Amino acid sequence: MNGQGIHACKASDVAPGQQKIVRINNMPIGIFEIGDGEYHAMLNICPHRGGQLCEGPQCGTAVNGGDFGIEYGRRNELVRCAWHGWEFDIRTGEALADPKMKAKTFEVSVHGNDLYVHM
Amino acid sequence: MIVDCDCHNYWSSAEVLLPYLDEYHRDYFTRGEQPGPRGSFPNANRPWLHPEGFKRMDINPETQDEQYRIMKEKHLDAYNIDYAIMTGDEAMEASTIANPFYAHALVKAYNDWLIDEWLSRDSRLKGSIMIAPQAPDLAAQEIRRLGHRSDMVQVLASHGTERPYGNPFYHPIFEACAEVGLPFAIHLGGQGGINTNPIAAGPTRYFWETHALLGQSAQTHVASMIAEGVFEKWPELYFIVIECGVAWAAPILWRLDADYKALRKETPWLKMLPSEYFRRNIRFTTQPLEQPETGVEHLWSILDAMYGRETLMFASDYPHWDYDDVQKLHIPPEWRGDVLGNNAMQVYRRLQNAGVNTTAAVETA
Ligand code: FES
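Remember, predicted model here, so these are calculated numbers, not experimental data. (Residues numbered from 1 in each chain as written. Chains lettered and ligands numbered in written order. Predicted model: local features only at pLDDT ≥ 70, side-chain atom pairs only at ≥ 80, totals over all residues. Heavy atoms only, no water.)

Peer 1: Mind showing me how you'd approach the packing of helix α2 (residues 64–77) of chain B against helix α3 (residues 100–119) of chain B here?
Peer 2: Residue and element names in this part refer to chain B. In the contact formed by α2 and α3, the axes pass within 11 Å of each other and the chain directions differ by 60°. When the interaxial angle is binned, α2 and α3 end up oblique. Here Q64, Q67, Y68 and M71 of α2 lie close against α3, whose contacting residues are W113, E117 and W118. For the contact of α2 with α3, the per-class residue count stands at four nonpolar, two polar and one charged. (Axes fitted to C-alpha atoms, helices over the stretch in contact; angles between N-to-C directions. Helix = DSSP H or I, 4+ residues; strand = E, 2+ residues; numbered from the N terminus. Parallel < 35°, antiparallel > 145°, perpendicular 65-115°, else oblique. Contact = heavy atoms within 4.5 Å. Nonpolar A, V, L, I, M, F, W, Y, C, P; charged D, E, K, R; others polar.)

Spelled out as C-alpha cells, the structure:
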C-alpha cells in the first residue's frame, strides 16, 4: 500500500453487515466491515449492468450444497447487487456464479477511528 | 422515442383498494381470511416466492407518494422515457381466485385506483385495464367501462390461466377489446390457485428454475390464439406477450407452420400460415431477453428469425430484480429505434393521439 490513502469515513460509521456508501474522487464507493475489524471497499458500480452494486444487502449465502443439503455461511462476506442480485465476494470482488465477472475493489487501511481507501 | 411496455406500479399496501370496493366485497377484504400478513393480499396464491423479494434493492418506497417519486427519478427521468405503460403487480394475481365475482371486484377496484393514483400524476404514465379472465363476461364489461379513456392503452391479464387464451371461453374479452380498439396483453404471473397448469409436467420447485421456464404457458397461448382463429375473427387485434422470454418464438413458429401445412383441415378457418398471423398480430416485449453465454450474436439471429425488428417492443420491468436498462439492451443497434419506441407507437394506437411528450411531463398531482 502506498501512502496514506484517501480519508473515507469513520470506522464507527461502518458496522458489520451495514455498509456505508461514500464518494471519493467523485466515485461512489461502498465501505464494508466483514468482521473482526476487517474493512474493504468496492466501487458502487456493478460489472454486470452498471447497477448500484453496494446498495444491496451485505449478507452470507448457501455454502454447502453437498448431498443436496443447504447450509448458511460466509456471513457478511458478500454483497448482493441491488439490481439483479448477483452475489459478489467483498474481499475479491468476484461474482460467485461467474468469477470472470469482477467488481472493482480497493484496499482500506485503518488509523485509529479513521478509514482510508487506497486507489 | 422510448416506450416502456412493462413498468410496474406498486401499491404501499393492498388496502389502498378498500375505498374502491363495493360494501359486499369490502367485507371479504377486511374480515375475510387473508393468505398472508394483512396488506399482502392476494400474492400468497403464488406457488413460487422469490427468495430475495421481487424488487431492485435500491428501490424501497414506503408511502404512495414515494412510489411515484422514485419511479420518476430513477426510471422515467433518468432514461427519458416518453411513455411508460403501467402493468400493476399483485393485482394480476386476482386471476388465481376461484370466486369470479370477488376477482372481478378486485381488478375493478385496482383499475379505479390506478386512474386516481397513477395516471393522474404524470401524462407519461399510461394504463392497462386489468381483468379477471376467469369471468370473461365481467371482464368484457370492465373493458367497455374504461376502454374509451384516452389514458388506457391495453387490456391486461396474467399468463397463468385455467385454459389457453384462444379457447372460445375467452372470446367475449377479445370482442370487447376489438370494440374499444385496445390490444390484449398477457404478463407473466397468475400461477397457482385455480390456474393449476402453469408449468408443463407439473410444478417445479425453485424460483429461478421456474422463472427460466416462463415461456411455457406463453407458447401455449400463442399457438392457441392462432389456431382458434382469434385473428381471423378480429384481424386488427394485437396480442402482446409481456415478460415471457422471446427467443423461443421462432422455433415454435417453425413447428406450427410445418404441422399446419400437413393438418390444415383441423382448423379450416385459418387463411394464413401461423407465422403470418404471428407477424401481423402478435408482439413481444423484451425484458427478460435471453443472454446466451455463447455470444450475443446467437440471440440476434434468433430474434431475426422471429421478425424481431417488427415484433419486439422495449420493456424495462421496473423495478424488478431483473430490470433492463434502456442503454444495455442486447439487440442489433440498427433496430433500436423500432424496438425502443416505433413498434409500440404502432401497436398502442391510443398513444398516437396522445401527442408526443418531448419535454418533461406535466405533473398534475
Ligand atoms: S447490475 Fe449488478 S447484478 Fe446486474
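Now that the structure has been shown, the text picks up again.
Peer 1: I'm lost on the packing of aromatic side chains in this one. Help?
Peer 2: All names here are of chain B. With the rule as written, the count across this model stands at 18 aromatic pairs over all chains. An angle of 10° between the planes, with centres 5.9 Å apart, marks the rings of F184 and F239 as stacked. Separated by 55 residues along the polypeptide, F184 in strand β5 (residues 184–187) and F239 in strand β6 (residues 239–242) bring together distant segments of the chain. Across the pair, F239 and F184 agree in class, each one buried. Feature note: the residues Y165, F169, Y170, F174, F184, W234 and F239 constitute an aromatic cluster, connected by ring pairs. A cation sits over an aromatic face here: K55 above Y10, 4.8 Å from the ring centre. Sitting over the face of the ring of F169, R163 holds its NZ or CZ atom 3.9 Å from the ring centroid. (Phe/Tyr/Trp six-rings, centres within 6.5 Å; stacked < 30°, edge-to-face > 60°. Buried < 20%, exposed > 50% of the residue type's maximum accessible area, 1.4 Å probe, protein only. Lys NZ or Arg CZ within 6 Å of the ring centre and 35° of its normal.)

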